[in-house]
Amino acid sequence: MTEDMQFLAEGTEDDGETPALRRAARSNDWAGTGLRDRPGFLIRRLHQIHTALFMQECAGEGITPVQYSVLTALDQMGPSEQIAISRAVGLDRTSTADVMQRLEKRKMIRRRTSPKDRRSKIATLTEVGEAVLARIDAAASAAHTRTLEPLDPEQRRALMQAMRRIVDTYPDLERKSF
């Protein structure tokens, strides 16, 4: 029986939970579950869904979610070293440098060498970057709302709290794109 067929055969409760998911959550034995009951699969799919919704909402600006995060971090943190932006956004150094280079080409940020450490770059949000943020914030907010729309307010709060707890538990885990 395929995993999809097993999923259908087992059925789900009103909350979407399958018997296999309940067993796996208690025992931490995910091997016997279908893809739809595995946290990694669901997190990856949720990321894909949110990215698609973000791209739909923000299509006019040609900004990716990561670029939006970098611009938002700079807006909130002020002029910052790239390594600080890298940590704030959860990117490895190479990916951060690539994103910064793309944003700089579009005149959304400005980078300069740090006076304290010639190997380090300090990024600053430009007027162009500020204007893009002003235009895109409502659309990005709509993408967040659409992502969580299937949940009631208590479920949204619980999901956000659970995701924060997982992210905060592993602050030093490598930030690499795979």
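Keep in mind that what you see is a predicted model, and the values were worked out from it rather than measured.

Should pLDDT be low for a region, the predicted coordinates there are not to be read in detail. For the protein chain, per-residue confidence averages 86 on the pLDDT scale, and residues scoring 70 or more make up 88% of the total. Confidence over residues 1-10 falls short of pLDDT 50; this stretch has 14 contacts with residues more than four positions distant or in other chains.

The next subject is the pattern of salt bridges. Summed over the entire model, instances satisfying the criterion amount to 6 salt bridges. For Glu57, the salt bridge is made with Arg146, and the minimal N-O distance between the two is 2.9 Å. Taken together, the residues span a long stretch of sequence, with Glu57 in helix 3 (residues 39-57) and Arg146 in helix 7 (residues 127-148) at a distance of 89 residues. Judged by its relative accessible area of 29%, Glu57 falls in the partly exposed class.

With their axes 11 Å apart at the nearest point, helix 4 (residues 65-77) and helix 7 run at an angle of 120 degrees to one another. In terms of axis orientation, helix 4 runs oblique to helix 7. For the element pair helix 4 and helix 7, the recorded crossing hand is left-handed. Seen from helix 4, the contacting residues are Tyr68, Leu71, Thr72 and Asp75; seen from helix 7, they are Val132, Leu133, Ile136, Asp137 and Ala140. Broken down by class, the residue content of the contact of helix 4 with helix 7 amounts to 6 nonpolar, 1 polar and 2 charged.

Basis of the calculations
Residues numbered from 1 in each chain as written. Predicted model: local features only at pLDDT ≥ 70, side-chain atom pairs only at ≥ 80, totals over all residues. Heavy atoms only, no water. pLDDT = per-residue confidence, 0-100. Contact = heavy atoms within 4.5 Å. Salt bridge = Lys/Arg side-chain N within 4 Å of Asp/Glu carboxyl O. Helix = DSSP H or I, 4+ residues; strand = E, 2+ residues; numbered from the N terminus. Buried < 20%, exposed > 50% of the residue type's maximum accessible area, 1.4 Å probe, protein only. Axes fitted to C-alpha atoms, helices over the stretch in contact; angles between N-to-C directions. Parallel < 35°, antiparallel > 145°, perpendicular 65-115°, else oblique. Left-handed = near helix turned anticlockwise from the far one by under 90°. Nonpolar A, V, L, I, M, F, W, Y, C, P; charged D, E, K, R; others polar.

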